[in-house]
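The residues making up each chain are set out below.
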Amino acid sequence: MLQALGAFVVRRKYIVVATWAVIILAALPFAPRADEFLKPGGFSNESFPSAKARKVLQQRLELSTLSVEFVFSHPEWSPFDPRFSDAVENAVGGLVQHVEIAYVVTHLDDPRRASTASNTVHVTAGLTIELEESLEFLKTITADVDPGPLDLIITGGPALYRDISLASQEDLRRGESVAFPLATLALLLVFGTLIAAILPAAVGGGGVLVGLGIVFFMSQGVDMSVFALNIVTLLGIGIGIDYSLFYTSRFQEELRGGKSVEDAVLGANSHAGRAILFSAVTSLIGLVSLVAFPVMMLRSVGIGAVAVIFAALLAALTLMPALLAILGHRINRFRIGPDWAKRSGFWVPLSHWVMKRPWMVLIPTVTILVLLAVPAASMRLGTVDATILPDSLESRRGFDVLREEFGFALKTVIPVGYIFEGSPFERKNLENAYDIGRELERLDGVSSVTSIVNLDPTFGPDQYAVLYQSPESITDVATARIVRDTVRDGAILFLVESELHPFWPETRVLVTELRSLVPPGDNGGTLHVTGGASEITDIINALYGMFPFIIAAVLIVTYLSLMILFRSVLLPLKAVLLNVLSILASYGALVFVFQQGHFSGLLNFEAMGVIEATLPILLFAIIFGLSMDYEIFLLSRVAEAYERTGDNETAVAEGMQKSGTIITGAAGILIVVAASFVLADVVVVKAIGLGLAIAVFVDVTLVRALVAPAIMRIAGPWNWWLPGWLDRILPAVKHDA
Amino acid sequence: MMLDRREFRNSRSTVLALLIAFAVLATGCVTSIDPRPVPTGASPDPTATPAPIRFATSGQPTGNDELDHESRLEWWYYSGHLESESGREFGFHFVVFKSIDGTGDPNLIAQLGLLDVETGEHFELYRAEAGFEGGIGGGGPMTIAIADWSYTVTSTAGSHSFAATNGEVELSLQLEATTPVMLHNEIGWLPTETGATYYYSWPRQSATGELVIDGERFEVTGTAWFDHQWGDFFVLGKPAGWQWFAIQLDDGASLMITVARGVSGDVVDTYGTYMSPTGDVQSLRGDADGIRVGSTDQWTSPSTGATYPLGWTVEVDSLGLELVLDPVVLDQEIQDGLPVGSAYWEGKVRVSGAQSGRPVTGDAYVELSGYADPEPIPWLRQ
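Let us now look at the packing of aromatic side chains. Per the stated rule, a full pass over the model turns up 44 aromatic pairs over all chains. When the ring of Phe 547 of chain A is compared with that of Phe 620 of chain A, the centres are 5.7 Å apart and the planes differ by 85 degrees; the resulting orientation is edge-to-face. Highlighted residues: Phe 547 of chain A in helix H18 (residues 532-566) and Phe 620 of chain A in helix H21 (residues 614-645), separated in sequence by 73 residues. Aromatic pair Tyr 308 of chain B and Tyr 371 of chain B: ring centres 5.5 Å apart, planes at 50 degrees, arrangement tilted. Linking Tyr 308 of chain B in strand E20 (residues 307-309) with Tyr 371 of chain B in the loop between strand E25 (358-369) and helix H3 (378-381), this pair joins segments that are 63 residues apart in sequence.

Within the secondary structure, Lys 574 of chain A is located in helix H19 (residues 570-595). Lys 574 of chain A has contacts with Glu 631, Leu 635, Ala 708, Ile 711 and Met 712 of chain A, leaving out every residue within four places of it along the chain.

Residue and element names in this part refer to chain A. Assigned domains of chain A: these are domain 1 (2-41 + 162-387 + 537-729), domain 2 (62-161) and domain 3 (421-524). Listed by partner, the interface residues are 11 residues for domain 1 and eight residues for domain 3. At the boundary of domain 1 and domain 3, one finds two salt bridges. Ionic pairing is found between Arg 380 and Glu 506, a salt bridge with its closest N-O pair at 3.5 Å. Elements with a contribution of two residues or more to the side of domain 1 that touches domain 3: strand E6 (381-382) and H18. Counting residues per element, the side of domain 1 that touches domain 3 draws most heavily on H18, at three residues.

All right, on to the packing of helix H8 (residues 226-256) of chain A against helix H9 (residues 261-288) of chain A then. Residue and element names in this part refer to chain A. For the pair H8 and H9, interaxial distance at closest approach is 8 Å and the crossing angle is 155 degrees. As the angle between them shows, H8 and H9 are arranged roughly antiparallel. Classified by chirality, the crossing of H9 by H8 is right-handed.

So, how was this worked out
- Residues numbered from 1 in each chain as written.
- Chains lettered and ligands numbered in written order.
- Predicted model: local features only at pLDDT ≥ 70, side-chain atom pairs only at ≥ 80, totals over all residues.
- Heavy atoms only, no water.
- Phe/Tyr/Trp six-rings, centres within 6.5 Å; stacked < 30°, edge-to-face > 60°.
- Helix = DSSP H or I, 4+ residues; strand = E, 2+ residues; numbered from the N terminus.
- Contact = heavy atoms within 4.5 Å.
- Domains from an automatic or database assignment.
- Salt bridge = Lys/Arg side-chain N within 4 Å of Asp/Glu carboxyl O.
- Axes fitted to C-alpha atoms, helices over the stretch in contact; angles between N-to-C directions.
- Parallel < 35°, antiparallel > 145°, perpendicular 65-115°, else oblique.
- Left-handed = near helix turned anticlockwise from the far one by under 90°.

This is the structure we're talking about:
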């Protein structure tokens, strides 16, 4: 099939190139607009119990879960200085006229919103609209609020999401502007000639443009996260260049073997083309698995990655052979670097050195890999907050002020709604609520509960019945606020406070325990648990309930694909296990750096204390496919040599020699591209870049250069063992086509 | 890489089997939670037995109830009568409210009401702040900063000071108790419909300090009345509320009378405490001691719309007292820094009358709470 495709492309090379030119030109106006319909965030899902509970509480308790925070300050005036208070009232006085605003609370309504230590005040405007609409509305109220003599920072949900989008776009531009030139330099180093170096970059770049064009159109029909764009671009550049590089190098090798240009293209197509096809399949297996997760961010990375990998594969199998057929020997023009093919290299001596002492190499190398993976055992999963943003952005600075001055985000508040029939002040409903409130106070990890029936531990239903005989008569400011804000007909809100951090696993246990409670009485009462901690619980439950099964599915499918390709039981097993080791090592590095905060100064980020919950899954999907690329490129050459020579050691040495430089070069390019995303401002993108760079580095050095030949030497003829019955049922694939 | 038909069928069935296995595994990922019924019949924590109120004494560095407590509500309350060196009269009311709602640091509100008797002008100032670093559990002194105001309770019983300003009006006073302490309801502890409160007074404190009004400075002296209340209780507004009278008779006697209305608006308790000129304290109960309070006039606040009874008769049969109280100025309402329903009238009044036939005069401060309509709760009225 590949041969037929190659022959067709060579025959119609000008038509193929022209077709691609049209496709790329058509994609050109849309690729830069790929982010236009992407949505910020995408870490949650509206079908999660927390989201459903949020909607119930929004409806029954008019609970506004989205707010804009205005942080006012003055270098000299104290918050209760009439000049300060007047300026705040003038600034936010008109806000309540917007129908999108449910309430405005200033420090004059609630003195806890003022810090006299730093002359800072925060004013909350609760919104009645959803996040997407709020981004546009934010522009309106930002223009409306004139702080006068005060300094103003605007933060809160809409501002944070706006800045996440802006920072992601900036990261993308920065990543691309660094990645492309560096990748081209690396290509120059690998090929040594200008044309050969530019070609993969051009074909890879063309693939990315087309992939981004596809994202532009797909995102109009399917919800896709803005985070997907960075990852999709990273993958597109890395994989696109990888494929083109393998193809070009094989073409050069065929030419050096004395073949005509046409035969060299056909040879490259059947050898490199097959390896690329299988690489793409294994990459897609991992990345398609992301679509199964009920989180928009992962799903959109899966969809986007499929688009760019598909585009890269198509470009490598059609555009590349057509261009090579046109260029012919001119591919080797303009030499400006070393010709690696003429050098004996160090791959053969290295492989022989390893195969002479396989256990001596294997044991310490695997030990190093295991040690690298050890920190992964202490991984704490969480989700993102504003600390993923750089502190140069307004919303992040505002978040920092709220955290430092007013204790935001340092402890957990879990809203639990009690929904029932009747008035909240009816005796039986008060009694039920009282029982619930007392039970909530007793749960492990709960430090306090705020509700109309948790005001005083010495109060029982009798006292509360007296207190709420005339609820408007309550003069106590805090209690009056609780009655006004946390009660409606048929609904009582409990705010369960815990000293546990929202990200901690113990908090998720608490959320689960809260959800297990069944309210007493016969008033049809139900409990609804929402809030950030509940959302994190849902995200992690959804992701990691499925993750083991998805890992198993990916491993099995990959194993079977490789078994078909290599006609071996052991080699696919080795490939899969070594990949898992590479991934674990990158997990370890992630924990060491981003959770524990090592090198945070150097890499310019604030340690998250947790690993963003989607990261391990994302990295698994990306790294598994990419590492498998290298394994396939290596083993293809080994299998090809083994089929020819029938000697295991010779085949391993030859395979390493033929693929070593290219794999190193390809990996080098991918490391450069991935590492350029370490410059990102958004910590999640930074972590993906670093995790990927480390995984590929570990994979190409320790795993492919040392562990792989050692294991293959130890296994000897077992490398190529395949039971007869299995051989008969597996589809046949010949390496020496 | 060519597949023959049989191999294709085999590989297709393998892929199908894998997909089915994957789908089955994926559907098994739903996490289940075992329901647990909330136990019914929960009971409140027992109410603590009231402990004796303790004051700072030499050699006892801890246990000074003049300082702050970890209670839901607490207030330190002063009302008094000042005179400048030239004889110009002023009345003042200074209070620090502290409330703990369990959701953060205590909230503090401090208010100053100042009456210039000569001009009839009534000034109202306030400051509010969250957060407080007081002397909980210590022996004192305790200093509370409420923005740019300060309030201090020293380690000497009945010795306090405060300073309050808004740029236009400034008042700083040093206050020293000149009588024994007055524990209300005999032990200084009062149960109410909605919780219990500790309550004691220094019915006479000498006041010395400085007053500035619009840049004019006065050295002032006078007599103040101090109340300190704390406890886990709730204050209810209209129709609940109270009338409170802090009367300082010229013969040296002091009298506190409270008429408390419950949540239904009916009077639920009338009580008082009398301290003779020699410092003897006598608790008074409405019926037993024949306490009767009547009003002679009323006044409606133009700013809150609340109608207050202004002008009273106070009779206490057991003391032989028949008093008439007249407000010096009608508008002595305090509302700044509080919700509209918490507005109250706190005013300087003149006292005249007789005790067992003997004419008596004096000064007093009267507090009227629960007359302003509360802020409506919109959802409740729908």
